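Remarks on the overall topology
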Amino acid sequence: MKKILHHGKVYVEKGVFAEAVLIEGGLIAAVGSNEDILSLADRETELLDCGGKTLIPGLNDSHLHFMQFGETLNQVDIDGVPSIDEMIKRCRDFIDKYPEKVKDGLHAMGWNQDLFVDSDRLPDRHDLDQISREIPIVLERVCGHIVTSNTKVIELLGIDGDSPQFPDGDFLIGEDGYPSGIFTANACNIAKALIPDFSMEERRKILLETMKYGVAHGLTSVQSNDVGTTFMDGPAAFKLFHDVYDSGEALLRYRHQVCFNDFAAFETYLTEGEFACGKYGGDSWLTLGPLKLFKDGSLGARTALMRDGYAVDRENHGLEWIKDDEMEKYCQLAKKYGLQVVTHVIGDAAIEKTIDCYEKAFVDGENKLRHALIHCQITDEGLLTRIAEKGILVFAQPIFLDYDRNIVEELCGKELASTSYAFGTLQRKGAHISYGTDCPVEDCNPFPNIYMAVTRKDKSGQPEGGFYPGECVDVADAIDAYTIESAYGEFMEDRKGRIKAGYYADLVLLDRDIFTVDPMEIKDILPEMTMVGGKVVYRK
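Small disclaimer: the values here were computed from a predicted structure and weren't measured.

Right, let's get into the packing of helix α9 (residues 263-271) against helix α11 (residues 324-336). As a packed pair, α9 and α11 sit with axes 11 Å apart at the nearest point and diverge in direction by 5 degrees. As far as their axial angle goes, α11 and α9 are roughly parallel. For the pair formed by α9 and α11, the contact residues are F263, F266, E267 and L270 on the first element and E326, K329, Y330, L333 and A334 on the second. Each residue belonging to the contact of α9 with α11 can be placed in one class, and the counts come to six nonpolar, no polar and three charged.

Following C439, the chain continues into P440 via a peptide bond in cis, with omega recorded as 15 degrees. In this structure, P440 sits in the loop between β20 (433-435) and α18 (446-455). In this structure, the amide linkage connecting Q462 to the following residue, P463, adopts the cis form with an omega of -10 degrees. Here P463 lies in the loop between α18 and α19 (475-482). Unlike most non-glycine residues, D364 shows phi in positive territory, near 55 degrees. Of note, D364 is situated in the loop between α12 (348-360) and β18 (372-375). On the basis of relative accessibility, which here comes to 64%, the residue D364 falls in the exposed class. You will see that D438, though not glycine, has its phi angle at about 60 degrees, which is positive.

Among the 10 residues that make up α18, 10 are buried, leaving the element largely enclosed by the rest of the structure. Listed in full, the buried residues belonging to α18 are P446, F447, P448, N449, I450, Y451, M452, A453, V454 and T455. A distance of 3.1 Å separates the backbone nitrogen of F447 from a side-chain oxygen at the start of α18, and that oxygen is part of N445. R456 sits one or two residues past α18 and shows a positive phi near 55 degrees.

All chains considered together, the criterion is met by 41 salt bridges. Linking E249 and R204 is a salt bridge whose minimum nitrogen-to-oxygen distance equals 2.3 Å. Note that E249 is positioned in the loop between α8 (234-246) and β15 (253-258) and R204 in helix α7 (residues 200-216), a separation of 45 residues in sequence. Residue E249 is classed as partly exposed on the basis of its relative accessible area, which comes to 33%. Residue class for R204 comes out partly exposed when judged on its relative accessible area of 24%. Between K295 and D324 there is a salt bridge whose closest N-O contact spans 2.6 Å. Note that K295 is positioned in the loop between β16 (286-294) and α11 and D324 in helix α11, a separation of 29 residues in sequence. Overall, D324 belongs to the partly exposed group, its relative accessible area being 33%.

Taken in spatial order, the six strands line up as β3-β2-β7-β21-β22-β23 in an open sheet, and their pairing is mixed. Of all the strands in the sheet, just β3 (16-18) and β23 (535-539) have a single pairing partner and so form its edges. Put simply, the sheet's adjacent strands are angled 25 degrees from each other on average, direction ignored. Pairing of strand β22 (residues 527-532) with β23 involves four bridges; the strand directions are antiparallel. In the sheet register, M529 faces β23, and the bridge partner there is R539.

A few words on the sheet that holds strand β4 (residues 20-24). Sheet architecture is open: four strands sit in the order β5-β4-β1-β6, paired in mixed fashion. With partners counted over all chains shown, the strands left at the sheet margins are β5 (27-32) and β6 (46-49), one partner each. For this sheet, the mean angle separating the axes of adjacent strands, direction not counted, is 20 degrees. Here three bridges tie strand β1 (residues 3-6) to β4, and the two strands are oriented antiparallel to one another.

Under the definition given, this model contains 20 aromatic pairs. Relative to F171, the ring of F166 has its centre 5.5 Å away and its plane inclined at 65 degrees; by these criteria the two rings are edge-to-face. One exposure class covers both F166 and F171, and it is buried. Measuring from ring centre to ring centre gives 5.2 Å for F260 and F266, while their planes differ by 50 degrees; the resulting arrangement is tilted. The burial state of F260 is the same as that of F266; both residues are buried. Each member of the aromatic cluster is reached from another via a ring pair, and the members are F238, F260, F263, F266, Y269, F275, Y330 and Y337. Just above the ring of F231 sits the side chain of R203; from NZ or CZ to the centre is 4.1 Å. Directly above the ring of F263 sits K329, whose terminal nitrogen or CZ lies 4.5 Å from the centroid.

The rules we used
- Residues numbered from 1 in each chain as written.
- Predicted model: local features only at pLDDT ≥ 70, side-chain atom pairs only at ≥ 80, totals over all residues.
- Heavy atoms only, no water.
- Axes fitted to C-alpha atoms, helices over the stretch in contact; angles between N-to-C directions.
- Helix = DSSP H or I, 4+ residues; strand = E, 2+ residues; numbered from the N terminus.
- Parallel < 35°, antiparallel > 145°, perpendicular 65-115°, else oblique.
- Contact = heavy atoms within 4.5 Å.
- Nonpolar A, V, L, I, M, F, W, Y, C, P; charged D, E, K, R; others polar.
- Buried < 20%, exposed > 50% of the residue type's maximum accessible area, 1.4 Å probe, protein only.
- Polar contact = N/O pair within 3.5 Å; in protein donor to acceptor, adjacent residues only side chain to side chain.
- Salt bridge = Lys/Arg side-chain N within 4 Å of Asp/Glu carboxyl O.
- Pairing = 2+ DSSP bridges.
- Phe/Tyr/Trp six-rings, centres within 6.5 Å; stacked < 30°, edge-to-face > 60°.
- Lys NZ or Arg CZ within 6 Å of the ring centre and 35° of its normal.

This is the structure:
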């Protein structure tokens, strides 16, 4: 059946708008004036009046952890807690309210020591022991690169002050010579593994509930790193996603970004695993995407890999998660199989080292596999120019500045801060830059992210003139970063991310005009309707 959306303000591309859209077979068949498009209707055509409201392409988050976000919605809420005492109280209350859910352990994510009003110290085992000493407890910092645990976790792991450190991750030792309960990098996964996982039935329900949240906020596509991070059992994860998508229950498009804990597992994946045997149709809503690597930690945790160390501690250069030689092995094998690589990089040293590795894995001297830098936060002019000239993609999160603007000058110095989070500069230099949220580090709602890119102000409107306002972009560029550029990051720019003939009918009708509204209101915009493949998946 044909569908026509008419009497809208249809964003086609920068500076170009239309009034109506014809949809057939899940694709956009024509775009034009009300008169021209309505003349194509027949008796069975469904007509949808946009009422003069703005219609944009479906928004595509280029990097997040979708399943992990769903998990946080089913765990105790410690996001942004103002103190360790408040976190302890919330966890105790959760245990009292849901004893069956936590009888074998409690896990949650969201604390940030920089938001504590009474102290900025990291919580440790002594704090979490006040929640319980009977069950293992693991609470993640909002970045996911540090966790803290109670003493029960340490006992179950069988470690003490003299135990060897874990590969690619540490457990910190307290002043008493015993593990403090604080774990970093890959050691976080070892601690979290003690907490019983959700059942497959629970995960399916969580996934579908999270999809409802996504489409209600205008997401029609997500590029998500769940396999190998949130969901460690790869084959089970792939099966779950296939089952949901094959049944037709899915509400949005999903592209896997896949992690591995060791090189042998990556080789198996390529030769006899999902990459070799998985079935994905050409127009499937479910697609298999790149290899995901981690090069460093996070700025807030002081584990981002920095060339000259931190301004407050020049001896601390951060944490190098995957070493250069190991990373090169991954990238060279990915090149052999024609696989894109995307890498978590925050510090300037991590960015530089990753670019070096990518260049060695270029095809015919060019970035034909579209290798990308995820986050790409701390940069100088040389790195920005090199990224653009080498055609390396950037999957950016402007919304990170809502918090990071408070710490970046202190941790990096004003000179380096002035050229960091330089997403406007990258766009002007011609780099392919797309937007995402890294949810659940931030909410996957795209509109606060667009607001931050346009205004460089936090959610309260500060600073008044914007944080290094030369990096602001206009609304059209921000929407393009969330649509056509995100599609470019998954090799789909020829059929996704524009309202043009031949493209997927992934559309979002907004409750106000994002192009003319007071920029302060952009963060509050919500969809009136979301459509994926011509199917209405959300209506207000």
